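Chain and residue survey
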Amino acid sequence: QISQMRTVTNRRQSEMNSGTQQNSTDNTKQKSSIIFGSDFKMRQQEISNLFKLDENFDLLHREVRIGGRKVSIYSVDGFLPGDTIEKLMQFFYSIKEEDMPENLAGFISKSTPFVDIIEIDKEQDFIDNFLAGLTCMMIEGYEGILALDLREYPGRSVEEPEKDKVLRGSRDGFIEALIPNMALIRRRIRDKNLMFKFARVGRSSRTDIAVGYMYGRVNEKDVKKVMDSINSMDVDALTMNQESLAEMLFPGKWINPFPKYKYTERPDTAAASMLEGSIVILVDNSPAVMILPTSLFGIIEDANDYYFPPVTGTYLRITRMVTNILAVFITPVFLLLIENPEWVPKPLEFILIRDDINVAPVFQFLILEFAIDGLKMAAVNTPNMLTTPLSIVAGIVFGDYTVDSGWFNPEIMLYMAFVAVANYTQSNMELTYAVKFHRVILLILTSIFGVYGFIAGTVLLIASLLMTHTLLGEGYLYPLIPFNAKCLARRFFRMSLPAYEKTHKRERQSSKQ
């Protein structure tokens, strides 16, 4: 137990040092002359002044005696489990004065019945760990400070994500705590090559970040690039968690709406991506993780593709791709045919609008585009007890009444209903809105310039895809551009596990040769 305890102590200490190396100020690189001094009373006073303990009612301080020495215990209320600290204090109270070691390292090795321990000798490390919820002990006669990770974060239990649901498969999901999320991945990958690197970002928030990857399956240069980008961030706080981190990782290039990262709240998706050589970034206080590098085909993939047999998974994947393409072009093409009815073949003339058109079709489409988003926001903010009656009212208002009033035509309502449903065939909201923005641009250009506007809008869409770059520089349309036939086929057709293993075995052997 002592050797295991030392290992964890060294590991956690090196992680904290590396995480604060880039963000700490000059005074944190030196020992505090008072907090880490020899005068116990002055050290107490300095810590009290540092955290304003007399004013902060949730920052706890208690002085006890262990082995004949004064000990100050500091903790954050809400993070400290009562039963754990009670058992630990029973052990400490049993230590006799003659059994107390001469230094803090000896106390950790011989007198601390706990594994997750950090020996702190820098002021900024003390501030970061204490405010992160670790229980800190300052022992009279020892210059350093002992930090015990006894914390239990207040939060919800592990449950299936609302947005990433599957018809068959695991029902667990990430929560808003970093350590349990890492444990959910480790539960699925019991491999010594699974690595998590620690970083801390934000002058005020000091947000904990973990970068996970499989050693030997990922490009080490990519890992270094990600860690260097995170450690060099100069920001006050990651207020929006992973979204703030994403904007800091990829600054100044957000006019292009296509997502540069893949987000997931499913541990099985994150674990599978890591096994395929991807990097996963976990941010404390966020239930979603970032997966990179990623491509458009990777973003469209869904966990349901793999929880069904290959034929069914392939069908679901192709259906999702076709539906997303139709969601972009169905309303602009319909608008183009309305303005040019002579282009419609005679067997398809039934698709044209036969009723009177009181409002220009393009304005009908645009109004409904905004109305659908308004309904989404209303649904999010509607209390559960009012969801059913308000849904009925919305269905009536946006159904017969809108058509009978003359504002909308039934054909346009039909195609916009398809678009509204098609938005939910894949779980990535960023991709959904990227499709929506380009659909709106296509509608406007088509209504103004006709077929030339439609062509221009399509070219703009293709250009946006071609100009989208990931953080690590991989092609956004890979394996289409650059072209890789075998990989492209795997993106469209789900392989069985034996076939996948054989393919990867051959690829590994060829790469070694």
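Throughout what follows, the structure given in this document is the object of discussion. From a predicted model like this one, the values you see are computed outputs, not experimental measurements.

1. So, the overall build of the protein chain
Counting its regular elements, the protein chain contains 18 helices and 10 strands. Counting only residues that meet the buried cut, the protein chain has 49% of its 513 residues in that class. Considering only intrachain contacts with a sequence separation of at least 6, the fraction spanning at least 24 residues in the protein chain is 68%.

2. Digging into the packing of aromatic side chains
Inspection of every chain in the model, using the stated rule, returns 14 aromatic pairs. Through successive ring pairs, a cluster of aromatic residues spans Phe 51, Tyr 74, Phe 126 and Phe 130.

3. A closer look at the sheet that holds strand E6 (residues 194-201)
Taken in spatial order, the 5 strands line up as E6-E7-E9-E10-E8 in an open sheet, and their pairing is antiparallel. Where the open sheet ends on each side, the last strands, each with one partner, are E6 and strand E8 (262-264). Averaged over all pairs of adjacent strands, the angle between their axes in this sheet comes to 25 degrees, without regard to strand direction. Two elements, E8 and strand E10 (residues 289-292), share 3 bridges in a ladder whose sense is antiparallel. Bridge pairing links Lys 262 to Ile 291 in E10.

4. A look at the packing of helix H2 (residues 40-51) against helix H5 (residues 123-131)
With their axes 12 Å apart at the nearest point, H2 and H5 run at an angle of 60 degrees to one another. Classified by the angle their axes make, H2 and H5 are oblique. Of the two elements, H2 crosses H5, and the hand of that crossing is right-handed. Contact residues: Ile 47, Leu 50 and Phe 51 in H2; Glu 123, Phe 126, Ile 127, Phe 130 and Leu 131 in H5.

5. Overview of the nonpolar core
With 26 residues, the main nonpolar core has Val 226, Ile 230, Leu 245, Leu 249, Tyr 261, Ile 279 and Ile 281 as its most contacted residues. The element contributing the most residues to this core is helix H7 (residues 220-231), with 4 residues. Residues within four places of Val 226 in sequence aside, it is in contact with Val 211, Ile 279, Ile 281, Leu 292, Leu 471 and Leu 472.

6. Looking at H5
Buried residues dominate H5, accounting for 8 of its 9 residues. Once H5 ends, the next one or two residues include Gly 133, with phi positive near 110 degrees.

7. Considerations on the sheet that holds strand E3 (residues 117-120)
Taking strand neighbours across the sheet as the criterion, the 5 strands line up as E1-E2-E4-E5-E3 in an open arrangement whose pairing is antiparallel. This sheet does not close on itself; its edge strands, each paired only once, are strand E1 (59-66) and E3. Taken over all neighbouring pairs, the strand axes of this sheet differ in orientation by 25 degrees on average, direction set aside. Inspection of the sheet shows strand E2 (residues 69-76) paired to strand E4 (residues 135-139) by 4 bridges, in the antiparallel sense.

8. Considering the side chain of Asp 373
Looking at the element boundaries, Asp 373 is found in helix H12 (residues 361-381). One polar contact links Asp 373 to Tyr 433, side chain to side chain, over a distance of 3.4 Å. Contact partners of Asp 373, with chain neighbours within four places excluded, come to Tyr 433 and Lys 436.

9. What to know about the environment of Ile 175
Residue placement: Ile 175 occurs in the loop between strand E5 (145-148) and helix H6 (178-188). Look at Ile 175 and you get buried, because its relative accessible area is 10%. Counting along the chain gives 315 residues from Ile 175 to Arg 490, while the straight-line C-alpha distance between them is 31 Å. Residues contacting Ile 175, with those up to four places away along its chain left out, are Arg 156, Ser 157, Val 158, Pro 180, Asn 181, Ser 286 and Pro 287.

10. Focus on the pairing of strand E9 (residues 279-283)
Within E9, 5 of the 5 residues are buried, which leaves it mostly tucked inside the rest of the structure. In E9, alternate side chains face the same way, and those of Ile 279, Ile 281 and Val 283 on one face and Val 280 and Leu 282 on the other are all buried. Looking at chain direction, strand E7 (residues 207-214) and E9 are connected through 4 bridges and run antiparallel. Opposite Gly 212, over in E9, you have Val 280 as the bridge partner. The pairing of E9 with E10 spans 3 bridges and is antiparallel. Each residue of the ladder has a partner; that of Val 280, found in E10, is Ile 291. Between E9 and E10, which pair antiparallel and follow one another directly, the connecting turn spans 5 residues, one of which, Asn 285, has a positive phi of 75 degrees.

Thresholds applied
Residues numbered from 1 in each chain as written. Predicted model: local features only at pLDDT ≥ 70, side-chain atom pairs only at ≥ 80, totals over all residues. Heavy atoms only, no water. Helix = DSSP H or I, 4+ residues; strand = E, 2+ residues; numbered from the N terminus. Buried < 20%, exposed > 50% of the residue type's maximum accessible area, 1.4 Å probe, protein only. Contact = heavy atoms within 4.5 Å. Phe/Tyr/Trp six-rings, centres within 6.5 Å; stacked < 30°, edge-to-face > 60°. Pairing = 2+ DSSP bridges. Axes fitted to C-alpha atoms, helices over the stretch in contact; angles between N-to-C directions. Parallel < 35°, antiparallel > 145°, perpendicular 65-115°, else oblique. Left-handed = near helix turned anticlockwise from the far one by under 90°. Core = buried A, V, L, I, M, F, W, Y, C linked by side-chain atoms within 4.5 Å. Polar contact = N/O pair within 3.5 Å; in protein donor to acceptor, adjacent residues only side chain to side chain.

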